[in-house]
Amino acid sequence: MLEMILITAVKVFMVLSAVLTACAYSTYLERKVVAHMQHRVGPLYAGPYGLLQPLADAVKLAFKEDLVPDNVERVTYALAPVASFVPAILIFAVVPFSNGFTWFGYDIPGVISDLNIGVLYIFAMTSLGVYGIVLAGWSSPSKYSMMGAIRSSAQMISYEISYGLSIIGILIIGNTLSLTEIVAQQAAESWVFFGNWYIVKQPLGFLLYITCAIAETNRAPFDLPEAESELVGGYHTEYSSMRFSMFFIAEYAYMLGVAAVGATLFLGGWNGPFLPPVIWFLIKVFLFMFLYIWLRATFPRFRYDQLMQFGWKVLFPLAIANTMGTAVWVVLSGQ
Amino acid sequence: MKEIFKALGNVVIKMPQGFYVTFKHLFKKPVTLDYPRKKKPMAPRYRGKHYLERYDDGTERCVCCGLCAAACPADAIYMEPEETEKGERKARVYEINLLRCIFCGFCEEACPEEAIFLGQEYEFSADDRNKFIWTKEDMLVPHPRKDNPFKKILRRVRKVYGTPEATR
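Residues numbered from 1 in each chain as written. Chains lettered and ligands numbered in written order. Predicted model: local features only at pLDDT ≥ 70, side-chain atom pairs only at ≥ 80, totals over all residues. Heavy atoms only, no water.

(A) Broad picture of the overall build of chain A. If you tally the helices and strands in chain A, you get 13 helices and 2 strands. Taking 20 Å as the expected radius of gyration for a compact globule of 335 residues, we find that chain A reaches 20 Å, a close match to that expectation. Once the C-alpha set of chain A is aligned to its principal axes, its extents read approximately 60 × 50 × 45 Å. Here chain A, with 335 residues, has 51% of them falling under the buried criterion. For chain A, long-range pairs separated by at least 24 residues make up 76% of all intrachain contacts whose partners lie at least 6 apart in sequence. Both charge centroids of chain A, one from 17 positive and one from 20 negative side chains, sit 8 Å from each other. (Helix = DSSP H or I, 4+ residues; strand = E, 2+ residues; numbered from the N terminus. Rg over C-alpha atoms; globule rule 2.2 N^0.38 Å. Buried < 20%, exposed > 50% of the residue type's maximum accessible area, 1.4 Å probe, protein only. Contact = heavy atoms within 4.5 Å. Lys, Arg positive; Asp, Glu negative; His and termini not counted. Charge placed at Lys NZ, Arg CZ, Asp CG, Glu CD.)

(B) Region of the structure containing the interface of chain A and chain B. Counting residues at the interface gives 22 residues for chain A and 20 residues for chain B. The largest contributions to the chain A side of the interface with chain B come from His39(A), Tyr45(A) and Trp294(A), which together make up 30% of the buried area. Between chain A and chain B we count 0 salt bridges in total. One can count 6 residue pairs in polar contact (both at pLDDT 80 or more) joining chain A with chain B. (Buried area = accessible area lost by both parts, 1.4 Å probe. Salt bridge = Lys/Arg side-chain N within 4 Å of Asp/Glu carboxyl O. Polar contact = N/O pair within 3.5 Å; in protein donor to acceptor, adjacent residues only side chain to side chain.)

(C) Structural detail: unusual backbone geometry. All names here are of chain A. Even without being glycine, Asn71 reaches a positive phi, approximately 65°. As for its placement among the helices and strands, Asn71 is situated in the loop between helix H2 (53–63) and helix H3 (74–90). Even without being glycine, Asn175 reaches a positive phi, approximately 60°. With respect to the element layout, Asn175 can be found in the loop between helix H6 (168–174) and helix H7 (179–185).

(D) Structural detail: the pairing of strand S3 (residues 89–97) of chain B. All names here are of chain B. Here strand S2 (residues 77–83) runs beside S3; their pairing, made up of 7 bridges, is antiparallel. Residue pairing in the sheet places Glu83 in a bridge with Arg89 of S3. What sits between S2 and S3 in their antiparallel hairpin is a turn of 5 residues, with Gly87 showing a positive phi close to 90°. Where S3 and strand S5 (residues 133–134) come together, 2 bridges link them in antiparallel fashion. Note on S5: the bridge partner recorded for Ile96 is Trp134. (Pairing = 2+ DSSP bridges.)

(E) Fine view of the nonpolar core. Counting 78 residues, the largest nonpolar core has Ile122(A), Tyr209(A) and Leu265(A) as the members making the most contacts within it. Among the elements that line this core, the one with the most residues is helix H11 (residues 241–266) of chain A, at 13 residues. Not counting residues up to four positions away in its chain, the partners in contact with Leu265(A) are Val119(A), Ile167(A), Ile170(A), Leu179(A), Ile182(A), Gln186(A) and Tyr198(A). Core analysis: the second largest hydrophobic core is formed by 24 residues, Leu52(B), Cys64(B), Tyr94(B) and Cys101(B) among them. (Core = buried A, V, L, I, M, F, W, Y, C linked by side-chain atoms within 4.5 Å.)

(F) Spotlight on helix H1 (residues 2–37) of chain A. For H1(A), built from 36 residues, the straight-helix expectation of 52 Å at 1.5 Å per residue is met to within 8% by its first-to-last C-alpha distance of 51 Å. In the stretch just after H1(A), His39(A) is the one whose phi turns positive, near 65°. (Expected span 1.5 Å × (residues − 1).)

(G) Representation of the side chain of Arg54(B) in the model. Residues and elements named next belong to chain B. Residue position: Arg54 is located in the loop between strand S1 (50–52) and helix H2 (67–71). For the buried Arg54, no salt bridge exists, and the shortest N-O distance to an oppositely charged side chain is 5.1 Å, to Glu60. At a separation of 2.7 Å, a polar atom in the side chain of Arg54 contacts the main-chain carbonyl oxygen of Val141.

(H) Molecular detail of the packing of H1(A) against H2(A). All names here are of chain A. Two elements in contact, H1 and H2, have axes whose closest approach is 8 Å; the angle formed by their N-to-C orientations is 115°. Relative to H2, H1 is oriented so that their crossing is right-handed. Taking contact as the criterion, the partners of Ala24, Tyr25, Thr27, Tyr28 and Arg31 in H1 are, on H2, Gln53, Pro54 and Asp57. (Axes fitted to C-alpha atoms, helices over the stretch in contact; angles between N-to-C directions. Left-handed = near helix turned anticlockwise from the far one by under 90°.)

Here it is in structure tokens:
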């Protein structure tokens, strides 16, 4: 019992530090990639190739004054960054990052907690993130924050259903909610190592998942809640110092979490030939993150009514059609 | 229904086109200049900080005739003459006020002795207004000059008047 707690604690520590480091370097990746796509150079001065830039940013944010404006609802104001940050980190508790291995006679699974309702848990956690944004907008005495919060909640209502429905196809085919089992189902059976990945069986579901995930994490082109050009900073206009950095880390942690879940559900998780499982997992997460950044550098922001229209009139019917089609196919093929 | 097919068409046809454009530009050379470390070469006719030219033997070309000060539309040039031991005119004081100077280059055009030129240097920020008044010492090129003169100087040798060598 004690050793299981110890093993889990060590794994939690490793995953947490890996996630936070990845968050920091996602900002570096984003700045570099977007810069080069716009013929700029990005961070260059802190360390070789600007590699220490995330560290410099962290130090700068930590030493800034924590400015609390007048007329804020203090409890909610202090709670909002935490409410945004914690669920983002909690996503990684059920994501299998490697296969199990035996070490000093202990069987160590490659996941912190192999929850049998893992998918449900993840979707609960990703949906909780919007509370941080809404509370931040509600507690701030600024109309921009309020607008950002309202937009976020409206966007969330438009996308949440399609987001949930986009993966129902996998659940119907796989007949399980456990992420470990879903990964095991996608193991290679022949030399075509991606033949069993769910992206092959559910291409439409994959597209829907990506679209809704980007909207869910408030990233460009669906970054209406923070829309710099219209709403100053959106929901985090009134935040500074560490509170702001918590929102910032939370955004990137959400991106990473959604990328990790997408890699697990659609791209076969840690499955892959030749390379170690962890490396395959990281490659897939990186591909997702690159897609995020690539999309941000390519497309402008949706207009508010366009977003609602797109969510309800396009994504929602497509998600239902995908679910129905998968169900009919599973029944007819007699699996 | 129409909207759904339009959106799907965009995803299949239009979006890859956009992605291709940004991906193509990812590998192009950035246009950013790493400025304080590397500097852009200035245009040949760029009008930057003034410098006062010398003859090949090291004497100053400026004879303090005052034509540059007369030509200066911003009234930025101040000078006081003196006599050398050979009896020639030279400038005792020669000052240009950068805060007045508009870098038009009229002084360069007016100069009959090919003494003043506008150079290539453009970094002259200072933390004190007095530092913006350049004296002769700031502008004279060093005597055995390290680099070749940028502007073409036609008359390289000094005409000496009133000495036996000149009349011979």
